[in-house]
Structures are given as structure tokens and as C-alpha cells.
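Report on the structure
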Amino acid sequence: MNRRLREAIGDRPGIAEKKMFGGVCVVLNGHMVGGASRDRTTGHGHYIFRVGKDNTETAEALPGGEPLVLGGKRLGGIFRVTEEEATDDVLSAWAALAVSHVSALPPKPTD
């Protein structure tokens, strides 16, 4: 799953991997673009993408995604795509939207 996520996001300056949300996330200039994880109980995998609140309408029109809900709370601007629904084209579309959003953010300072 991680390999497919990295391929969909692509290699560019400022890209790194970081452990978050019980899986591996890809960050761009310190901001999360997306992640991949697998449920330890069921074995089902999913991807998450940070598309930004301003892109919610666009994201809702993309195939395979749904808003991410944690602890009963919807996380604004973050969507979940199941591994089963994540064809290469679907992953590419979600990754492009997330990279576009995160690329517009100012880089986080490094320690």
C-alpha cells in the first residue's frame, strides 16, 4: 500500500514519510498529503488524503472517497479511500488533489 501511495503522489522536493495515524503518511514540506494503513483486526486497508476544507465539494465528486471520521467527529478536509476502491486512476486523482492543496501551504519550519 505504501508503495502505491508514493507512486501516486510522485517524487518531488520536500517529500518525506512519517509514521502517523497507525500507518505511514507522506508529507510535503512538513504537511501531510496522504497516508496508508491497515486495520490490525480485519486486515482491511485504506488511504487518507488531506485535500483541504476548500476542496470538499471537489473531493465529494471523486470516486471511492468519504470524509474521514475519528471518534465520531468528521475531520474537515480529510478523506478516506478503501484499498478495494483505490484503482490506480482513483489513487492518482486523490493524490493530485491533495498535492495541489498541500503545495499551496507555506512550508513548516524544520528543527
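A brief structural summary. (Residues numbered from 1 in each chain as written. Predicted model: local features only at pLDDT ≥ 70, side-chain atom pairs only at ≥ 80, totals over all residues. Heavy atoms only, no water.)

On to the pattern of salt bridges. In the structure shown here, the tally under the stated rule is seven salt bridges. The salt bridge involving E17 is made with R6; its shortest N-O contact spans 3.1 Å. Residue E17 is located in strand β1 (residues 15-20), and its partner R6 is located in helix α1 (residues 2-9); the two are separated by 11 residues in the primary sequence. Of the charged contacts in the structure, one is a salt bridge between E83 and R38, with a shortest N-O distance of 2.9 Å. (Salt bridge = Lys/Arg side-chain N within 4 Å of Asp/Glu carboxyl O. Helix = DSSP H or I, 4+ residues; strand = E, 2+ residues; numbered from the N terminus.)

With seven of its eight residues buried, strand β3 (residues 31-38) lies for the most part within the structure. Sheet topology places strand β2 (residues 23-28) next to β3; five bridges connect them, and they run antiparallel. Within β3, the residue paired with V24 across the bridge is A36. Taken together, β2 and the strand that follows it, β3, pair antiparallel across an intervening segment of two residues, in which N29 is found at a positive phi of about 50°. (Buried < 20%, exposed > 50% of the residue type's maximum accessible area, 1.4 Å probe, protein only. Pairing = 2+ DSSP bridges.)

A word on the sheet that holds strand β4 (residues 45-50). Ordered by their spatial adjacency, six strands build an open sheet running β1-β2-β3-β4-β6-β5, and the pairing between neighbours is antiparallel. The open sheet terminates on both sides in strands that have one partner only, identified here as β1 and β5 (65-70). Mean inter-strand twist for the sheet, computed between neighbouring axes without regard to direction, equals 30°. The strands that helix α3 (residues 88-103) touches are β2, β3, β4, β5 and β6 (73-82); relative to β4, the one it contacts most, it runs at about 30°. (Axes fitted to C-alpha atoms, helices over the stretch in contact; angles between N-to-C directions. Contact = heavy atoms within 4.5 Å.)

Among the secondary structure elements, T82 is positioned in strand β6. Excluding residues within four positions of it along the chain, T82 makes contact with G45, H46 and G64.

Before going further, it helps to examine the nonpolar core. Taken as a class, soluble globular proteins show a tendency for nonpolar side chains to be buried jointly. Formed by 23 residues in total, the largest nonpolar core has its most connected members in L5, I9, V33, Y47, F49, V51 and W94. Of all the secondary structure elements, the ones that give two or more residues to this core are α1, β2, β3, β4, β6 and α3. Counting residues per element, this core draws most heavily on α3, at eight residues. Dropping the residues within four chain positions of it, L5 is found in contact with V24, V26, G34, G35, A36, Y47 and F49. Core analysis: the next-biggest nonpolar cluster, separate from the first, contains six residues, V27, M32, I48 and L68 among them. (Core = buried A, V, L, I, M, F, W, Y, C linked by side-chain atoms within 4.5 Å.)

The end-to-end C-alpha distance of α3, which contains 16 residues, comes to 22 Å, matching closely the 22 Å that a straight helix rising 1.5 Å per residue would cover. Along α3, the residues that are buried comprise V90, L91, W94, A95, L97, A98, V99, H101 and V102. (Expected span 1.5 Å × (residues − 1).)

Our focus in this paragraph is the environment of T56. Examined against the element boundaries, T56 turns out to sit in helix α2 (residues 56-61). Of the residues examined, T56 reaches a relative accessible area of 17% and is grouped as buried. In this structure, the C-alpha to C-alpha distance between T56 and S100, residues 44 residues apart in sequence, is 13 Å. The contacts of T56, once residues within four sequence positions are left out, are R74, G77 and F79.

All quantities given are derived from atomic positions and should not be read as evidence of function.
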